[in-house]
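Understanding the architecture of this molecule
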Amino acid sequence: MSAASSPEIPAPSTLRSADSAAFAAAPGEPIGDPAVFPAGPLARLAVVAGVLVLGSLVPYLYGGWADYRYWDRLDADPLLRAATLTPPSRAEPEGQGPKPNSAEDDLSDGDVAALAGIAAGHGAPGLPGSATEEDAAPLAAEVTSSEALVITDDLLGKQKTWLEGDIRLLTPFAQALTDLALGKRDKVRIGHWGDSHLANDGLTHVARLLLHARFGDGGHGFTLVQGRTEWYAHKGIERSVTAGWKDFNFLSGNARDGSYGYGGVTVEGGAGEQFSLSVSAKQPASQLHLYYRSLGKGSLTLKVDGKPQDKLEVAEPAGTEAARVWQVADGKHSSTWRVAAGRMRIHGVAFERERGLVYDSLGEVGARGTRWTQADAEAMRQTMQLRKPDLLILNYGGNERQDNMSEASYVAKMTEVVELFKAGRSDVTCILMAPSDHGSKKGGKIISDPAVIRISGWQKKMAAGVGCLYFDTREAMGGDGAMGRWVRDGLGWSDYSHFTAQGERAMGQIIYRALLEGLRRWQVEVKGQAVGSASDRPEGFVRPGSDGIRSAARVLSDRENR
Amino acid sequence: MLFNSLLYMVFLAVVVAGFWLLLRWRWGRALWLLVASCLFYMAWDPRYILLILGAATWDWAMGRVLDATPVDKPLRRKLIMLGSVGINLGLLCYYKYLGFFVENAVAGLNLLGLELVAPAIKVALPVGISFFTFQSMAYVIDVYRREMPAERNLLRFFLFATFFPQLVAGPISRAHILLPQLHRTPKLDHDDVSEALFRIAKGLVKKVAIADWLALNLVDRVFSQPHLYSGPEILIGLYAYTLQIYCDFSGYTDVAIGSARLLGVRLPENFDRPYRARTVAEFWRKWHITLSTWLRHYVFFPLGGSKGSVWMAHRNTLITLVLIGLWHGANWTFVLYGLIHGIAIAWNRTQHRNYPRGWTHDALPWQQNLWRIAVTFHFVVLARILFRAPSLEAAGDVTRAMLGNGWGLARIDNGTWAVLIVGYVAHFAPPGWAERLHRQFKQWPAVAQGAALAGVAVAMGAVAETDAVPFIYFQF
């Protein structure tokens with residue numbers, strides 16, 4: 001600030017003259033100079049504006065320049081709103097700031113509902129709200145009862161897009177969930193493979209949290225030692241890796257033995273190489289599952305919270321996929337893994353707990369499902385036998401849309417990939433989850449990329465043939481041109497491909513509801529009765545309505561926001 | 001109605017045409033502008049126009065009463081002035097700060113052992129309330145201080161309070177600047193037309209090609225998910241946000257100034273290449289000039305300014321800067337933002353206390369000014385974390401990620417690099433370059449000007465990432 005002086009109030013005697021000097025036109029309001037119509041300047045303005053309008057019209061008149069249109073339409077709604085004295089329908093008027101950008105912005109039920117095609121207030125589990133840590137404890141106990149199997153209309157809301165296909169295909173997964181909820185089984189695992197949409201564990205994190213609240217927290221699930229790109233992340237897990245690891249991934253197919261592990265990216269390193277993975281108290285773990293491939297001989301040391309654990313001496317024959325589990329106290333842990341001798345091929349670590357649902361997020365930037373054909377079938381079979389996921393969600397196609405593949409070629413490759421993932425198991429459910437909508441500009445408007453529609457159609461057609469259910473992601477997002485609307489509403493990035501954090505929340509909820517609706521349909525159509533009907537309820541059972549689910553969502557939201 | 005929307009361009013064209021057609025009918029043109037201004041504001045929410053007009057009526061009446069109250073009744077005059085200022089501050093507190101105050105009051109009481117639950121207070125913030133209340137308050141205080149006479153005509157005062165180019169995000173035009181222009185017969189010459197079109201085009205380019213690009217391609221992502229970015233990438237994100245917010249707000253101001261110029265009104269400038277400042281104090285003389293001038297005039301000086309002891313000067317600076325921070329929003333991030341700026345200014349003053357009166361940085365060799373610019377700039381950049389983050393916790397997340405997320409710049413794409421470089425080069429380039437371009441544009445024939453602007457419009461279409469994005473300062 002510059003040097004200041006106190007405000008000087010002019011003395012009354014000087015005020016009048018000061019007034020007259022400073023305000024020649026006021027307060028007596030002399031008209032001032034006579035009004036001279038500025039014909040010349042206005043004519044100039046008209047010429048400039050005319051040329052400007054004509055020039056700006058070129059992209060609108062010439063289709064080849066459609067991408068150069070800045071304004072797609074004259075949106076007269078604001079003026080109509082003013083003229084008709086209509087308050088804005090949204091809670092906050094236009095221009096209240098960059099809503100999409102705030103990390104703490106919670107999507108309201110209404111926002112999610114509108115985008116997911118569900119009317120607000122219909123019981124879709126809204127994420128906003130707050131809950132205390134104390135709320136979480138009774139909830140965790142509560143949701144492992146059979147109440148978890150009661151799927152209310154309120155919960156599903158008006159989402160219109162569900163799993164498609166013969167619901168009997170859901171039996172392995174639905175039965176596993178049922179057994180888990182009834183205490184007959186300890187774990188149910190979901191493996192969700194995909195591309196950049198999953199690479200940061202955004203939408204899978206949300207789906208995981210929601211499913212944990214309902215079926216019990218089985219832990220983080222599988223995480224890679226390191227991703228193929230720096231975008232790879234797993235929410236709630238911190239990692240550090242030494243530089244000497246060599247990575248192999250199914251996209252480049254650079255492993256001679258075709259062993260890429262459960263997540264498709266694996267690392268190999270010699271003595272001295274190490275990596276660390278830490279989980280927080282908010283999302284604890286009590287089991288550390290290491291997945292690796294035997295290279296003949298080698299050993300690995302593990303320290304948990306600084307304390308040495310049993311050393312792993314590789315005993316399996318070379319070329320065998322293997323796993324080893326360490327039990328620790330349930331809670332926050334940091335783990336450091338170090339190759340003590342020989343070479344080790346490490347696929348990843350799963351952080352789990354004694355009981356509950358495990359949701360493995362297995363995304364990689366640029367991933368194409370068809371590239372899994374580069375994996376060795378036997379290695380995949382062994383890997384799947386070790387991990388034993390109950391549900392496979394194959395969520396590819398977003399990158400293949402750029403590959404100009406024929407339908408026959410795509411279907412043939414993906415059929416092979418599905419077989420690879422099923423690995424001959426009959427006790428697994430498979431879902432082909434179509435790529436999310438990708439927008440492309442056409443005529444100044446954002447439409448769905450035709451390639452996404454094409455690939456989604458191929459997946460839908462092939463699903464039954466490979467024994468999978470199908471989920472139309474683009475349709476669930478709102479159908480044609482959905483991503484344009486998601487971007488506008490702060491749920492998608494301006495590349496019209498990827499989700500913002502808020503968009504990931506919306507997608508996570510869509511997946512959650514789709515799985516639950518599938519479970520309910522399975523209860524009705526395969527088991528003959530929805531759980532939670534009067535005859536199925538124990539005495540004193542209180543049917544959880546939307547409030548129960550909302551409280552779960554609040555706990556989740558709170559945990560997520562910390 | 002956003003300045004960067006097609007609707008606004010059509011609206012402006014109609015308003016300008018009607019205004020000049022009504023030139024010879026004094027009240028007709030004033031009424032035309034008033035109706036247009038009200039419609040412009042009502043496009044956000046028609047209900048709040050009553051708020052502005054109601055507050056304006058009160059301030060106008062208080063101005064008249066003040067004018068009629070003899071100067072030898074200082075207490076009465078003061079009470080009248082405080083009554084007007086109190087109403088304006090009351091509106092501001094209710095709509096903007098009530099939730100914040102209640103939440104913190106409850107938190108404070110709970111520290112004393114009470115177990116209170118803060119009620120959920122959700123009051124929609126009327127767009128531009130921080131701007132129009134400050135403008136009205138300044139008017140009444142000026143009348144009270146007898147720095148200007150009260151406006152007699154209510155219609156004209158309404159126009160002063162609602163003049164659409166500066167209604168929702170400034171520049172905050174004090175009454176002695178705007179009211180006389182509304183009295184006078186407007187004039188328009190060729191220079192005005194060229195100047196106005198140049199400013200509007202410049203503002204839209206800043207907004208669409210730089211601010212929106214950076215927001216959508218880097219800044220929003222970094223602040224949304226800082227854990228995904230390396231330390232250097234987050235730092236680049238902060239540089240990007242620093243450029244974004246300047247281009248966003250100064251772009252808005254350019255369109256406002258250009259629009260007003262087409263109506264024969266000259267609004268005050270709000271920016272003077274702020275990132276070239278050599279001290280934080282100088283930064284505030286170059287950034288949002290009308291707000292810092294307002295607070296200097298109505299808060300800092302009445303508190304005593306720099307007179308008195310060093311500690312009193314520091315106290316006054318801190319109060320003023322905390323208020324500047326709080327003006328931006330009801331959040332501890334803004335309080336802290338203002339506070340650290342205040343501390344920096346106070347520290348600056350301490351450093352300079354032995355310099356002779358009248359000394360300026362211009363006396364220093366350019367090398368010394370260069371590093372001062374660099375230090376000041378980085379202070380501003382880092383402080384922006386608090387400005388952009390929605391909470392102290394989120395600011396902490398960004399800071400921790402910046403310091404601990406390792407290295408690498410892989411996630412900054414070429415387009416973002418290009419926009420950053422072009423934006424900062426334009427900002428730091430010698431002022432003469434832009435002025436030369438400006439002069440040349442004014443000399444071009446009308447057809448060439450139209451063609452150039454059409455080229456800009458088409459280029460904007462090429463780089464635009466999405467539909468019109470709201471201006472950041474609309475939320476304040």
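Only a predicted model underlies this, so the values are computations on that prediction, with no experimental measurement involved. (Residues numbered from 1 in each chain as written. Chains lettered and ligands numbered in written order. Predicted model: local features only at pLDDT ≥ 70, side-chain atom pairs only at ≥ 80, totals over all residues.)

**Side note on the overall build of chain B**
Applied cut-off: Strands here are runs of E lasting at least two residues and helices are runs of H or I lasting at least four, both read from the DSSP assignment and numbered beginning at the N terminus. Burial is judged by counting other C-beta atoms within 10 Å of a residue's own C-beta: 20 or more means buried, 12 or fewer means exposed, and anything between counts as partly exposed, with every C-beta placed from the backbone. We call two residues in contact if the C-beta atoms placed from their backbones are at most 7 Å apart.
Check the secondary structure of chain B and you find 18 helices and zero strands. Scored against the burial criterion, the 476 residues of chain B give a buried share of 49%. Considering only residue pairs separated by 6 or more positions, chain B has 75% of its internal contacts joining residues 24 or more positions apart.

**A closer look at the overall build of chain A**
A tally of helices and strands in chain A yields 16 helices and 19 strands. Every one of the 562 residues in chain A was classed for burial, and the buried ones make up 49%. Taking the intrachain contacts of chain A between residues at least 6 apart in sequence as the baseline, contacts between residues at least 24 apart amount to 81%.

**Comments concerning the confidence of the model for chain A**
What counts is decided by this rule: What pLDDT reports is the predictor's confidence in each residue, on a scale of 0 through 100.
Confidence in the prediction for chain A averages 78 pLDDT; 76% of positions are at 70 or higher. Per-residue pLDDT stays below 50 along residues 90–145 of chain A; that stretch engages in 142 contacts with residues further than four places along the chain or on separate chains.

**A word on the sheet that holds strand β1 (residues 187–194) of chain A**
Residues and elements named next belong to chain A. For clarity, the threshold we go by: A pair of strands counts as paired when DSSP detects no fewer than two bridges linking them. Axis geometry follows a simple rule: fit a line to the C-alpha atoms, using only the stretch in contact for helices, then measure angles between N-to-C directions, giving values from 0 to 180 degrees.
Pairing is parallel in the open sheet, where five strands are placed in the order β14-β1-β15-β16-β19. With partners counted over all chains shown, the strands left at the sheet margins are β14 (356–363) and β19 (469–471), one partner each. The mean inter-strand angle of the sheet, taken between neighbouring strand axes irrespective of direction, is 20°. Relative to strand β16 (residues 429–433), strand β15 (residues 391–395) runs parallel, the two being bridged by four bridges. Bridge pairing in β16 places Leu394 opposite Leu432.

**Quick look at helix α9 (residues 231–262) of chain B**
All names here are of chain B. Operational definition: Expected helix span is given by 1.5 Å per residue-to-residue step, counting one fewer step than there are residues.
For α9, with 32 residues, the first-to-last C-alpha span of 46 Å sits near the 46 Å given by 1.5 Å per residue. Counting buried positions along α9 gives 28 out of 32 residues, so the element sits mostly inside the fold. Looking one or two places after α9, you find Gly264, whose phi comes out positive at around 80°.

**Things to note about the nonpolar core**
Filter applied, for reference: The term nonpolar core means buried Ala, Val, Leu, Ile, Met, Phe, Trp, Tyr and Cys residues held together as one set by C-beta atoms within 7 Å.
Counting residues in each nonpolar core, the largest one holds 265 residues, and the members touching the most others are Ile431 of chain A together with Leu214 of chain B. Among the elements that take part in this core, helix α8 (residues 190–224) of chain B stands out by supplying 20 residues, more than any other. Discounting chain neighbours no more than four positions away, the residues touching Leu214 of chain B are Val219, Ala240, Leu243, Gln244, Thr416 and Val419 of chain B.

**So, the environment of Thr161 of chain A**
All names here are of chain A. Following the sequence through the fold, Thr161 ends up in the loop between α6 (153–156) and α7 (171–181). When the C-alpha atoms of Thr161 and Arg474 are compared, they prove to be 9.4 Å apart, with 313 residues separating the residues in sequence. In this structure Thr161 touches Asp472, Glu475 and Ala476, once residues within four positions along its chain are discounted.

**Details of the packing of α8 of chain B against helix α16 (residues 414–428) of chain B**
Residue and element names in this part refer to chain B. In plain terms, the rule: Note on convention: the crossing is left-handed when the near helix lies turned anticlockwise from the far helix by less than a right angle, right-handed when the turn is clockwise. When residues are grouped by polarity, Ala, Val, Leu, Ile, Met, Phe, Trp, Tyr, Cys and Pro land in nonpolar, Asp, Glu, Lys and Arg in charged, and all others, Gly among them, in polar.
Contact geometry of α8 with α16 gives a least axis separation of 10 Å together with a crossing angle of 145°. Where α8 crosses over α16, the handedness of that crossing is left-handed. Touching Ile210, Trp213, Leu214, Asn217 and Leu218 of α8 are Gly415, Thr416, Val419 and Gly423, all from α16. Of the residues in the contact of α8 with α16, the class split is five nonpolar, four polar and no charged.

**Digging into the packing of helix α12 (residues 310–327) of chain B against helix α13 (residues 332–352) of chain B**
Residue and element names in this part refer to chain B. Applied cut-off: What sets the label is the angle itself: under 35 degrees gives roughly parallel, over 145 gives roughly antiparallel, 65 to 115 gives roughly perpendicular, and the rest give oblique.
Where α12 meets α13, the closest approach of the two axes is 7 Å, and the angle between their N-to-C directions is 150°. The pairing of α12 with α13 is recorded here as roughly antiparallel in orientation. Of the two elements, α12 crosses α13, and the hand of that crossing is right-handed. For the pair α12 and α13, contact is made by Ala313, His314, Thr317, Leu318, Leu321, Val322, Leu323, Ile324, Gly325 and Leu326 and by Phe334, Val335, Tyr337, Gly338, Leu339, His341, Gly342, Ile345, Ala346 and Arg349, respectively. When the residues that make up the contact of α12 with α13 are grouped by side-chain class, the tally is 13 nonpolar, six polar and one charged.

**So, unusual backbone geometry**
A positive phi angle is found at Asp305 of chain A, which is not glycine, with a value near 55°. Among the secondary structure elements, Asp305 of chain A is positioned in the loop between β8 (298–304) and β9 (307–308). Unusually for a residue other than glycine, Arg273 of chain B sits at a positive phi of about 45°. Its location among the elements puts Arg273 of chain B in the loop between α9 and α10 (280–286).

**Let's talk about helix α5 (residues 129–144) of chain B**
Taking 1.5 Å per residue as the helical rise, α5 of chain B with its 16 residues ought to reach 22 Å, and the 22 Å between its terminal C-alpha atoms agrees with that figure. Counting buried residues in α5 of chain B gives 16 out of 16 residues, a clear majority hidden from the surface.

**Structural notes on the pairing of strand β7 (residues 285–293) of chain A**
Within a regular strand, the side chains alternate between the two sheet faces. Residues and elements named next belong to chain A. Burial within β7 is extensive, with seven of its nine residues counted as buried. As paired strands, β7 and strand β11 (residues 321–331) are joined by eight bridges and run antiparallel to one another. Residue Arg293 lies in a different strand from β11, and its bridge partner there is Glu321. As defined by bridge partners, β7 adjoins strand β13 (residues 344–352) across seven bridges and the pair is classed as antiparallel. Residue Arg293 lies in a different strand from β13, and its bridge partner there is Arg345.

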